[in-house]
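A structural walkthrough
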Amino acid sequence: MAMRKLLLPLLAANGASLAVASEVMSTEAIAAELRSLKEEVAAMGQKVSPAQDQLSTLLREERKLQAVTFVTQAAFDTEVNSFNGALDSAWLILCGALVMIMHAGFAMLETGCCRAKNAQNVLMKNLVNVCVGTMGWYFFGWAVAMGGPMNDKGYLENHFIGTKGFAGSNFLTQPTLGQVDALNGANTSPMLLWFFQWAFCTAGATIVSGGVAERVKSPSYALFAFVMASFIYPVVVAWTWGYGWLSEVFDVGYMDFAGSGIVHLTGGVSALAGTIVLGPRKGRFDPDRAEEFEAHSLPLVVLGTFILWFGWYGFNPGSTLGMHTAETGAKAAQIAMNTTLAAATGGITVFAFRYLLTKKYDVGGLCNGILAGLVSITAGCSNMECGSAFATGLIGAFVYQGASMLLVRLKIDDPVDASPVHMFCGIWGCLATVLFDWGKGFDHFNGWSGFSCMAGDDGACLTGIGGKAIAANVVMIIVICLWAGSLSGATFFALRMTGALRIDDDTEHVGLDHKQHSPSKAYSID
């Protein structure tokens, strides 16, 4: 208002002289108005100054909050990464321990299937297999299988075998004196995967033990177990789980989630090679001595089967290699359900079929049928729905039964049916995983992607790759049979030529326990 009173006379006198304006408003009035204006401006300044101070304070606090938020988010991400690593470590150690306990199952099953006079030797052979296999895996096997180095695409650089990590080298680093880094920048230790894959390696070697039972010399078998764990099995792993050349074949790669081919086919074909080179046990195919070669302890056979089935929940669900997301948990649950269905279906199918043939209950057949279903589902447990798992176990039962009858007809003596269960059902499992893949028809393929389709760089589902996936797994089956079969056969044949492979006739007659062990028998029952 004061400004308005000041300006109006001036505007009214637009163009007039200062004298005329002075007549309208005296100098004293102008001075009074100016003083009043100054006072109003000063009062407004007193009100604005605290607001400016408050705004400045708020801006400073906002900058501090942004800095704190950045630091807090980084710390939170670090804690989440650490927590995820702890979950994955706990999961794999637990599952690896479950796979390791399968050795007890193999030992019980093999011992029960063989004759009582060799029971102690079979038990010893299983223990030695784990110990010697561990040495082979430590010194050579891990490096050959998983040691790398990898190329810029994440595949094995030379596509054939790893060349780093022998005898556990580079597992730990020492950045400063007195400090050890066990993680090397990751959220889990490399020892974690070493342990989990070790359990698979020694399990694969143990499969061979059953095929050559009751007539192989123990030191010779220990030597073979070392070769198996050091080189034969690790090379197969390098080609596959180690991201070797089979991971890229036909631009789709193989599919074997938990090892129908990598573990079971490798062990099964090696067992077949060993039993062929060794020859049958004396009198095995003499009709008058048939009862002599029946399982001496069905309780041990059943106990071993249950332990193996239990351990398979580490074998298959554990192959997720982690457990820190809801999706991974759902996949593990799917795998566990598929594993259970295939095992039960395989067991009851063989059991019913043998009853139709003999009109008698065959508990041993039921046990091997369960194992046949488990081996059959191992490759495809993560990429097929439950109805397909049922079909996989059903067909696997007939594959096992047919293979078992074929070996008898060919007079190939496999005391525990290791090759029918692991080799023939392993082949079927590798085929089932691509035939029953839950991708839409044969045009799409899920494979390693699990619940999702296999996608290209643009994120769209790849089409027309179902046939390539089948071809890739056929190639895997062929090369595993050729590699493991030929090298195992050559190892056993070399031992045979030196006379170091098979026990003498007298030892075979009286039993290995009596001739070579103390005490001289596994049982002391009056």
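Per chain, residue numbering runs from 1 following the sequence as it is written. A pLDDT threshold of at least 70 governs which residues receive local features in this predicted model, and a stricter bar of 80 or more applies before side-chain atom pairs are shown or counted, although totals over entire chains, interfaces and linings include all residues. By convention in this description, side-chain values take in all heavy atoms of the structure and omit both hydrogens and water.

The name given to the chain in an unreviewed UniProt entry is Ammonium transporter, and the organism recorded there is Polarella glacialis. UniProt positions are given in the numbering used here, feature names are shortened, and annotations may be inferred rather than shown by experiment. Of the chain, the UniProt comment under Sequence similarities (unreviewed entry) reads exactly: "Belongs to the ammonia transporter channel (TC 1.A.11.2) family."

What follows is about the overall build of the chain. Looking only at helices and strands, the chain features 15 helices and 0 strands. Within the chain, buried positions represent 47% of all 526 residues. Pairs of residues are marked as contacts when any of their non-hydrogen atoms sit within 4.5 Å. Within the chain, contacts between residues separated by at least 24 positions form 75% of all contacts whose residues are at least 6 apart in sequence. Each accessible area is a Shrake-Rupley result for a 1.4 Å probe, and residues are judged covered by the shown protein chains and nothing else. In the structure as shown, the chain presents an accessible area of about 24900 Å², 66% of it carried by carbon and sulfur atoms. Only DSSP runs of H or I covering at least 4 residues are called helices, and only runs of E covering at least 2 are called strands; the numbering of each starts at the N terminus. Exposure is judged per residue with a 1.4 Å probe applied to protein chains only, and the accessible area is read against the type maximum: over 50% gives exposed, under 20% gives buried, and values in between give partly exposed.

Buried Ala, Val, Leu, Ile, Met, Phe, Trp, Tyr and Cys residues form a nonpolar core when they are joined through side-chain atoms within 4.5 Å. In this structure, W137, F200, Y233, W241, W312, F315 and F445 are the most contacted members of the largest nonpolar core, which totals 102 residues. Excluding anything up to four places from it in sequence, Y233 contacts W137, Q197, F200, C201, M228, W241, I262, V263 and T266.

Turning our eyes to something else, we now look at the state of the cysteines. Two cysteine sulfurs form a disulfide in these notes if their separation is within 2.5 Å. The final tally for this structure, using the stated rule, is 1 disulfide. Paired by a disulfide, C453 and C461 hold their sulfur atoms 1.9 Å apart. Its S-S torsion of approximately -80 degrees makes the covalent link between C453 and C461 left-handed. On the basis of relative accessible area, C461 is assigned to the partly exposed category, the value being 37%.

What follows is about a nonpolar patch on the surface. On the surface, M135, Y138, F139, F140 and F166 cluster together into a nonpolar patch covering about 450 Å² of accessible area. Inspection of the secondary structure puts F166 in the loop between helix 4 (119-146) and helix 5 (190-211). A patch consists of residues exposed above 30% relative accessible area that lack any salt bridge, with like charges linked at up to 9 Å and nonpolar side chains (Val, Leu, Ile, Met, Phe, Trp, Tyr) linked at up to 5 Å. Basic side-chain nitrogens of Lys or Arg form a salt bridge, by our definition, when they fall within 4 Å of a carboxyl oxygen of Asp or Glu.

Packed helix pairs are specified by the crossing angle of their axes together with the interaxial distance, meaning the distance between the axes. Two numbers describe how helix 10 (residues 363-378) lies on helix 12 (residues 418-435): the axes approach to 8 Å, and their chain directions differ by 40 degrees. Taken together, helix 10 and helix 12 sit at an angle that is classed as oblique. For the pair helix 10 and helix 12, the sense of crossing is right-handed. Two secondary-structure elements touch here, helix 10 through N368, L371, A372, V375 and S376 and helix 12 through V421, H422, C425, G426, W428 and G429. Class assignment of the residues belonging to the contact of helix 10 with helix 12 gives a composition of 6 nonpolar, 5 polar and no charged. Where helices are involved, their axes are fitted lines through C-alpha atoms of the stretch in contact, as for all axes, and angles between N-to-C directions lie from 0 to 180°. Angle categories: roughly parallel below 35 degrees, roughly antiparallel above 145, roughly perpendicular from 65 to 115, and oblique for all the rest. Helix crossings are classified by the rotation of the near helix relative to the far one: an anticlockwise turn of less than a right angle makes the crossing left-handed, while a clockwise turn makes it right-handed. Residue polarity is assigned by list, with Asp, Glu, Lys and Arg as charged and Ala, Val, Leu, Ile, Met, Phe, Trp, Tyr, Cys and Pro as nonpolar; anything else, Gly included, falls into the polar class.

A separate point is the packing of helix 7 (residues 260-278) against helix 13 (residues 466-497). One way to put it is that helix 7 packs onto helix 13 with a least axis distance of 8 Å and a crossing angle of 35 degrees. Classified by chirality, the crossing of helix 13 by helix 7 is right-handed. In this structure, helix 7 contributes G261, I262, L265, T266, V269, S270, A273, G274 and V277 to the contact, and helix 13 contributes I477, I480, C481, A484, G485, S488, G489, F492, F493 and R496. Of the residues assigned to the contact of helix 7 with helix 13, the class counts are 11 nonpolar, 7 polar and 1 charged.

The omega torsion of the bond from G148 to P149 falls at 5 degrees, within 30 degrees of zero and hence cis. Examined against the element boundaries, P149 turns out to sit in the loop between helix 4 and helix 5. A positive phi angle is found at N170, which is not glycine, with a value near 70 degrees. Within the secondary structure layout, N170 lies in the loop between helix 4 and helix 5. In this model, K359 sits at a positive phi of 60 degrees, which is unusual for a non-glycine residue. Structurally, K359 is set in the loop between helix 9 (326-358) and helix 10. K359 gets classed as exposed once you look at its relative accessible area, which sits at 57%.

Below, the discussion takes up the confidence of the model for the chain. Scored by pLDDT, the chain comes out at a mean of 89, with 87% of its residues at no less than 70. Confidence of the prediction at every residue is given by pLDDT, a number between 0 and 100. Here residues 10-24 is modelled with pLDDT under 50, and outside its nearest four sequence neighbours on either side it reaches 2 contacts, counting other chains as well.

Summarising the element assignment, E214 is placed in the loop between helix 5 and helix 6 (218-239). A relative accessible area of 1% places E214 in the buried class. Here a polar contact is taken to be a pair of N or O atoms separated by no more than 3.5 Å, where protein atoms must pair a possible hydrogen donor with a possible acceptor and residues adjacent in sequence count only if both atoms sit in side chains. At 3.0 Å, the side chain of E214 forms a polar contact with the side chain of R115. Polar contacts involving the side chain of E214 include one to the side chain of N118, which spans 2.6 Å. Excluding its chain neighbours within four sequence positions, the residues that come into contact with E214 are C114, R115, N118, R281, I503, E508 and L512.

To estimate how far a helix should reach, multiply one less than its number of residues by 1.5 Å. With 22 residues, helix 5 extends 34 Å from end C-alpha to end C-alpha; this agrees with the ideal 32 Å at 1.5 Å per step. Among the 22 residues of helix 5, 18 are classified as buried, and the element is accordingly described as predominantly covered. For helix 5, the N-terminal capping position is held by S189, with its side-chain oxygen 3.1 Å away from the main-chain nitrogen of M191.

Only centres within 6.5 Å qualify two rings of Phe, Tyr or Trp (six-membered ring in Trp) as a pair; their planes then separate them into stacked at under 30 degrees, edge-to-face at over 60, and tilted for everything else. Tallied over the entire structure, the rule returns 25 aromatic pairs. Centroid distance F200 to W241: 5.8 Å. Interplanar angle 80 degrees. Geometry classified as edge-to-face. Placement of F200 in helix 5 and of W241 in the loop between helix 6 and helix 7 is noted, with a sequence separation of 41 residues between them. Considered together, F200 and W241 belong to a single accessibility category, that of buried residues. Between the aromatic rings of F224 and F492, the centroid separation amounts to 4.4 Å while the plane-to-plane angle is 25 degrees, which identifies the pairing as stacked. Of the two residues, F224 is situated in helix 6 and F492 in helix 13; the sequence distance between them amounts to 268 residues. Chaining the aromatic ring pairs together yields one cluster made of Y138, F139, F140, F166 and F226. Charge-over-ring placement is defined geometrically: NZ (Lys) or CZ (Arg) within 6 Å of the ring centre, and within 35 degrees of the ring normal. A cation over a ring is seen here: K125 above Y221, with NZ or CZ 5.2 Å from the ring centre. Lying over the aromatic face of F285, R284 brings its terminal NZ or CZ to 4.8 Å of the ring centre.

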